[in-house]
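These are the residues of each chain, in order.
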Amino acid sequence: MPSKGIQCFDSSRTVFEIDQGRCAWRAAGTSKGVLVSLQIVGAGFGRTGTHSLREALDTLGLGPCYHMIEIIQDPDRKVPQWVAASEGKADWDAIFEGYGSTVDWPSAAYWKEILAHYPDAKVILSTRPAEGWYDSFSETIAWLMATPATLPPHLQPWLTMASDLVTKTTFGGRPTDREHAIAVFNAYEAEVKASVPPDRLLVFQASEGWEPLCRFLDKPIPATPYPRTNTKDDFIHRFKQPA
């Protein structure tokens, strides 16, 4: 690693070594000293309003925000990064290069490791009532992982990675067992709440809108309504192939 403050990358991005050897990025064209480093770690499971939260964080200037959709859009480069993470060889600075925040799976499954790497980041636990979460999860993510033929060939490696993480690792191979999945959801959220200091954690439901989010992040409330994206119908439409 270079000395503190030494430029050490290419013409498109300038990297600076910062606290304890981590790197923050300045995008080309931004003012000197304007760094993009991970500031927000989203710990909420998929289907807790993570896509809407992604849009909200972008609006508040805490983006770009990493979300599972980023991997879907660039699977050849990003799937291997998360496979490496599953093998204990994560390169968090490479994964989150240029991102100011992250939400959703797969990063939610590694929130402890990510927070250890970016110890100044705040944590947002997006949530919703467990029964409603499972209804949405079972009809979207679980449905998709049970019907791999739904996806085009170039996304099959992504689905394998995501299924290994969600179906096997998170839910022990039992994502369609309602009682079991809800118990996992509740235990996971309890662990996050018990582990993160209260002044660094926001437990947030999308139905609460901008006010608690902006108060936690010390940001003015936007004039536009809080985003509502990636509904169940949106999800199914995105992944269902034409007959």
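It should be emphasised that the depicted structure is a prediction, and the values quoted were computed from it without experimental measurement. (Residues numbered from 1 in each chain as written. Predicted model: local features only at pLDDT ≥ 70, side-chain atom pairs only at ≥ 80, totals over all residues. Heavy atoms only, no water.)

Draft legend 1. Inspection of the layout of surface pockets at higher detail. The calculated volume of the largest pocket comes to roughly 620 Å³. Forming the walls of the largest pocket are 35 residues, and the residues nearest its centre are R47, T48, G49, T229 and N230. Elements that contribute at least two residues to the lining of the largest pocket include exactly α1 (50–59), α2 (68–73), α7 (141–146), α8 (156–170) and α11 (232–239). Top element by residues in the lining of the largest pocket is α11. It accounts for 4 residues. Here the lining of the largest pocket is built from residues that sort into 15 nonpolar, 14 polar and 6 charged. (1 Å grid on protein atoms, 1.4 Å probe; cavity = no way out; pocket = protein on both sides within 12 Å on 5 of 7 lines; lining within 4 Å. Points joined across faces, edges and corners; volume = space filled by probe spheres on them. Helix = DSSP H or I, 4+ residues; strand = E, 2+ residues; numbered from the N terminus. Nonpolar A, V, L, I, M, F, W, Y, C, P; charged D, E, K, R; others polar.)

Draft legend 2. Main features of the sheet that holds strand β7 (residues 201–204). Ordered by their spatial adjacency, 5 strands build an open sheet running β4-β5-β3-β6-β7, and the pairing between neighbours is parallel. Every other strand in the sheet has two partners, leaving β4 (65–66) and β7 as the edge strands with one partner each. Across 3 bridges, the pairing between strand β3 (residues 40–42) and strand β6 (residues 122–126) is parallel. Residue pairing for β6: I40 is matched across the bridge by K122. The strands touched by helix α9 (residues 178–195) within the sheet are β6 and β7, with β6 carrying the most contacts at an inclination of about 155°. (Pairing = 2+ DSSP bridges. Contact = heavy atoms within 4.5 Å. Axes fitted to C-alpha atoms, helices over the stretch in contact; angles between N-to-C directions.)

Draft legend 3. The arrangement of the environment of V184 in detail. Mapped onto the elements of the fold, V184 is located in helix α9. The exposure class of V184 is buried, given its relative accessible area of 18%. C-alpha of V184 to C-alpha of T170: the two residues are 14 residues apart in sequence and 7.8 Å apart in space. Those residues in contact with V184 that sit more than four places away from it in its chain are F45, T170 and F171. (Buried < 20%, exposed > 50% of the residue type's maximum accessible area, 1.4 Å probe, protein only.)

Draft legend 4. Fine view of the pattern of salt bridges. Counted under the stated rule, the structure contains 11 salt bridges. The residue K89 makes a salt bridge to E87 at a minimum N-O spacing of 3.2 Å. Judged on exposure class, the residue K89 and its partner E87 are both exposed. Here D177 ties to R174 by a salt bridge, and the two come within 2.8 Å at their closest N and O atoms. Accessibility expressed as a relative area gives 40% for R174, which makes it partly exposed. Linked through salt bridges whose partners overlap, the residues forming this network are R54, E55 and E70. (Salt bridge = Lys/Arg side-chain N within 4 Å of Asp/Glu carboxyl O.)

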